[in-house]
Amino acid sequence: MSVDPSALLAPGAIRLAERAADKYEAIELCGQALVDCGAVEAAYVPAMRAREDSVSTYIGEGVAIPHATLAGKDAVLRDALCFVRFPDGVDWDGSQVTVCIGIAAKGDGHVDILAELAQILLDPERAAALRAAESAETVLTMLTPAPDDDDPEHTPEGER
């Protein structure tokens, strides 16, 4: 199943000029963005911190994808993403993070979301463009899967 991350991203959940003293403050800001857009109840935020305590959500290329432990599932009202950019960077256990994409998902929806985000974020050019994004429109465009992300078998020969 293919997921379009941009479809899960409410414009109000895109924050491009945040500052955080550390990864936990960054996670709090992501959680608050998800609360503010009506995707989760406030109880989801501590479960995001608990996830970080058990396993780092840093995935490389200056990007972290904070999400909650299973204990936070009951606080999810609908599947959603938030995009929080930290232009000055945040120390994430020795790595510099400039983009956090917070995830809220009911059931196992996060697995498909994580897979699609990995396709996008592990492309260094797309990740660099996201780190530099200065408008919500750019973020939405960058998080929309490219046609070849969905099915490489159906990409016209001249576009490979």
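Refer to the structure presented above.
Analysis parameters
- Every chain is numbered independently, its residues counted from 1 as its sequence is written.
- Reporting in this predicted model follows two pLDDT cut-offs: at least 70 for local features of residues, and 80 or more for side-chain atom pairs to be given and counted; totals over whole chains, interfaces and linings ignore these cut-offs and use all residues.
- To obtain the side-chain values, all non-hydrogen atoms of the structure were included, while hydrogens and water were left out.
- Starting at the N terminus, helices and strands are each numbered in turn, a helix being any DSSP run of H or I of at least four residues and a strand any DSSP run of E of at least two.
- Only protein chains enter the accessibility calculation, which uses a 1.4 Å probe; a residue whose area is less than 20% of its type maximum is buried, one above 50% is exposed, and one in between is partly exposed.
- Areas reported as accessible are Shrake-Rupley estimates using a 1.4 Å probe. Residue values count occlusion only from the protein chains shown.
- Pairing between two strands requires that DSSP report at least two bridges joining them.
- Working rule for contacts: check all heavy atoms of both residues, and any pair within 4.5 Å makes them a contact.
- Note on geometry: axes are C-alpha line fits, over the in-contact stretch for helices, and angles between N-to-C directions span 0 to 180 degrees.
- Residue types Ala, Val, Leu, Ile, Met, Phe, Trp, Tyr and Cys, when buried and joined through side-chain atoms within 4.5 Å, form a set referred to as a nonpolar core.
- A pair is scored as a salt bridge if a Lys or Arg side-chain nitrogen falls within 4 Å of a carboxyl oxygen belonging to Asp or Glu.

### Quick word on the overall build of the protein chain
Looking only at helices and strands, the protein chain features six helices and five strands. Overall, the protein chain shows an N-to-C arrangement of helices and strands of β-α-α-β-β-β-β-α-α-α-α. Sorting the 160 residues of the protein chain into buried and exposed places 46% on the buried side. Summing over all exposed atoms, the protein chain offers an accessible surface of approximately 7,600 Å²; the carbon and sulfur share of this is 52%.

### Observations concerning the sheet that holds strand β4 (residues 80–92)
Sheet architecture is open: five strands sit in the order β1-β4-β5-β3-β2, paired in mixed fashion. Looking at strand neighbours, the two that pair on one side only are β1 (9–15) and β2 (58–60), the edges of this open sheet. Bridge count between β2 and strand β3 (residues 63–64): two bridges; the pairing is antiparallel. When the sheet's bridge partners are listed, Tyr-58 is paired in β3 with Ala-64. Sheet contacts for helix α1 (residues 23–36): β1, β4 and β5 (95–104); angle to β4, the most-contacted strand, approximately 160°.

### Quick look at the nonpolar core
The biggest cluster of nonpolar side chains holds 26 residues, and the ones touching the most others in it are Leu-34, Tyr-44, Trp-92 and Cys-100. When contributions to this core are tallied by element, the ones reaching two or more residues are α1, α2 (44–54), β4 and β5. With six residues, β4 is the single largest residue contributor to this core. In contact with Cys-100, other than residues within four places in its own chain, are Ala-26, Cys-30, Ala-64, Pro-66, Cys-82, Phe-83, Val-84, Phe-86 and Trp-92. With 22 residues, the next largest nonpolar core counts Ile-14, Leu-16, Ile-101 and Val-139 among its residues.

### Some thoughts on the pairing of β4
Every other side chain in a regular strand lies on the same face of the sheet, so the side chains alternate between the two faces. Within β4, 10 of the 13 residues are buried, which leaves it mostly tucked inside the rest of the structure. By the bridge criterion, nine bridges tie β4 to β5 in an arrangement that is antiparallel. Across the sheet, residue Cys-82 finds its bridge partner in β5, namely Gly-102. Counting the residues between successive antiparallel strands, the hairpin from β4 to β5 contains two residues, one of them, Asp-93, with a positive phi of roughly 55°.

### Re the environment of Cys-37
Locating Cys-37 in the fold gives a position in the loop between α1 and α2. A sequence separation of 27 residues divides Cys-37 from Ala-10, and the C-alpha atoms of the two residues are 6.8 Å apart. Ignoring any residue separated from it by four or fewer positions in sequence, one finds Cys-37 in contact with Ala-10, Ala-13 and Arg-78.

### Let's talk about the pattern of salt bridges
Across all of its chains, the model carries six salt bridges by this definition. For Glu-28, the salt bridge goes to Arg-49, with nearest N and O atoms at 3.4 Å. Taken together, the residues Glu-28 in helix α1 and Arg-49 in helix α2 connect sequence positions 21 residues apart. When its relative accessible area of 33% is taken as the criterion, Glu-28 is described as partly exposed. The closest approach of N and O atoms between Arg-131 and Glu-61, which form a salt bridge, is 3.6 Å.

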